[in-house]
Amino acid sequence: QEISTIISRKGYGITQAIGTGGRDLSAQIGAATAIEALKLLAADEDTDVIVFISKPPAPEVRDKVIETFKTLGKPVIANFLGDKKRENHDNVFYTHTLEDTALKTVEIAEKYKISEKNIRKEVKEVKDIAANKGQRAIKGLYCGGTLAAETGMIIRDYYGVEDIGSHEKGMMLHYNGHEIIDLGDDFYTQGRPHPMIDPGIRVDMVYEMAKRPETAVILLDNVIGYGGHEDMAGVFAPVIKEIKEDSTYKKIVFIASITGTENDPQKYSEQYKKLKDSGAIVCESNAQATRMAVGIIKSLEKSGINNIETEESSTKAKSDIISTEPVIINIGLGKFAETVKKYNAKVIQYNWAPIAGGDKRLAEILKKLR
């Protein structure tokens, strides 16, 4: 409860809270329930980050649990409360206090919230693109040079390639069909305004990139503020909508980020709404937008359309045990049943109390009296 309430106050939530009891991690039981719970959460499509809290288990059980963490395919925040501090490894992040655990969970959730699950659920174009095997490239058309550099870095990190150092004609990345271009480079601004002021060159390139057979994702930044174009989203929204609705174009995912605030003259919220209404995915930062783009490509590279559908069906089947409506038998204190009823779940109340209030000596005497 301590961890979940801190997470809640940070604006996040939890999907499931599974309690196994301290004995589950004893040498005799070997974390049987904990490991099963971890696997259920790994298969649950609504769970992005898994949190594991326990007192220090038996050493051999702790090692067994840690090996399970590595197989889950999701970030794990682990707190063996009172155990010695451990170094992070693989997908596992160790914490010391309950507060540390909650804050690290929020940090990792923010960083990794663009998961393949979210992509399949939220990006409806993915299934159409998956069927077209030649369509696997990201095209980034930027007016912000530093943002373009950041995007190039994130994509290079994914592929494990080095920056060649030469960014001729604003090409921050040109690899495997992916092109990240800084249109504010001198090459594009000689004799014409910067693309933050005049979006014309970017509009032309959006149409060009949308026609290329390899294009799956188009990334756009929107840097607002004084001195910039008065309504950049208002320029690009109809372009995005046209390409999405015109059957002569392939299905393409548009991903945008907005650098600015509500105090800027263009107003962040107004820019956000126009881009969102056009059908673009609008992310909270350029890094998040890039990770979304990389996640889409990863999903496309990993699975064809049939595999994506199969994976979705498999995940649903595996997670039914925690996603279906519970039917509860409550033994003892009726207040628990009242709470369950309040949320419209099915519950049967069985009124029971231990004989003699749990006093073993008196219980034995009463048994003899019978």
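As shown above, the structure is provided for reference.
Calculation criteria
Residues numbered from 1 in each chain as written. Predicted model: local features only at pLDDT ≥ 70, side-chain atom pairs only at ≥ 80, totals over all residues. Heavy atoms only, no water. Helix = DSSP H or I, 4+ residues; strand = E, 2+ residues; numbered from the N terminus. Contact = heavy atoms within 4.5 Å. Pairing = 2+ DSSP bridges. Axes fitted to C-alpha atoms, helices over the stretch in contact; angles between N-to-C directions. Parallel < 35°, antiparallel > 145°, perpendicular 65-115°, else oblique. Left-handed = near helix turned anticlockwise from the far one by under 90°. Salt bridge = Lys/Arg side-chain N within 4 Å of Asp/Glu carboxyl O. Buried < 20%, exposed > 50% of the residue type's maximum accessible area, 1.4 Å probe, protein only. Phe/Tyr/Trp six-rings, centres within 6.5 Å; stacked < 30°, edge-to-face > 60°.

Colleague: Can you help me understand the side chain of serine 278 in this one?
Modeller: Looking at the element boundaries, serine 278 is found in the loop between helix H11 (268-277) and strand E9 (281-283). The residues touching serine 278, leaving out its near neighbours within four places in the chain, are Ala237, Ile240, Lys241 and Lys244.

Colleague: Mind showing me how you'd approach the sheet that holds strand E2 (residues 76-80) here?
Modeller: In sheet architecture, strand pairing relies on hydrogen bonds along the backbone and comes in two forms, parallel and antiparallel. Within the open sheet, the three strands sit side by side as E1-E2-E3. Their pairing is parallel. In this open sheet, the two edge strands, each paired with only one partner strand, are strand E1 (50-54) and strand E3 (92-94). For this sheet, the mean inter-axis angle between neighbouring strands, taken without regard to orientation, is 20 degrees. Bridging between E1 and E2 involves five bridges; their strand directions are parallel. By the bridge assignment, valine 51 is partnered in E2 with isoleucine 77.

Colleague: I would appreciate a short explanation of the packing of helix H9 (residues 200-211) against helix H10 (residues 232-245) in the present structure.
Modeller: Think of two packed helices as two axes; the pair is described by the angle between the axes and how far apart they sit. It is the contact of H9 with H10, at a shortest axis distance of 11 Å, that shows an interaxial angle of 20 degrees. In terms of their interaxial angle, H9 and H10 are classed as roughly parallel. Crossing hand, H9 versus H10: right-handed. In this structure, H9 uses Arg202, Val203, Val206, Tyr207 and Ala210 to contact H10, whose residues at the interface are Met232, Val235, Phe236, Val239, Glu242 and Ile243.

Colleague: Just to check I follow, could you spell out the pattern of salt bridges for this structure?
Modeller: When the charged atoms of two side chains with opposite charge come close together, those side chains can pair. Scanning all chains against the criterion turns up 15 salt bridges. With a closest N to O distance of 4.0 Å, arginine 192 and aspartate 198 form a salt bridge. Between arginine 212 and glutamate 208 there is a salt bridge, with its nearest N and O atoms 2.7 Å apart. A relative accessible area of 23% means that arginine 212 is categorised as partly exposed.

Colleague: Explain the packing of aromatic side chains here, please?
Modeller: Given two aromatic rings, one states the distance between the centres and the angle between the planes to describe the pair. Taken as a whole and judged by the stated rule, the model has seven aromatic pairs. With centroids separated by 6.3 Å and ring planes inclined at 25 degrees, the aromatic side chains of tyrosine 268 and tyrosine 272 adopt a geometry described as stacked. Here tyrosine 268 pairs with tyrosine 272, and both are found in helix H11, just four residues apart, close to one helical turn. Exposure remark for tyrosine 272: the relative accessible area of 30% places this residue in the partly exposed category. An aromatic cluster is defined as three or more aromatic residues linked by ring pairs; in this entry it consists of Phe52, Phe69 and Phe80.

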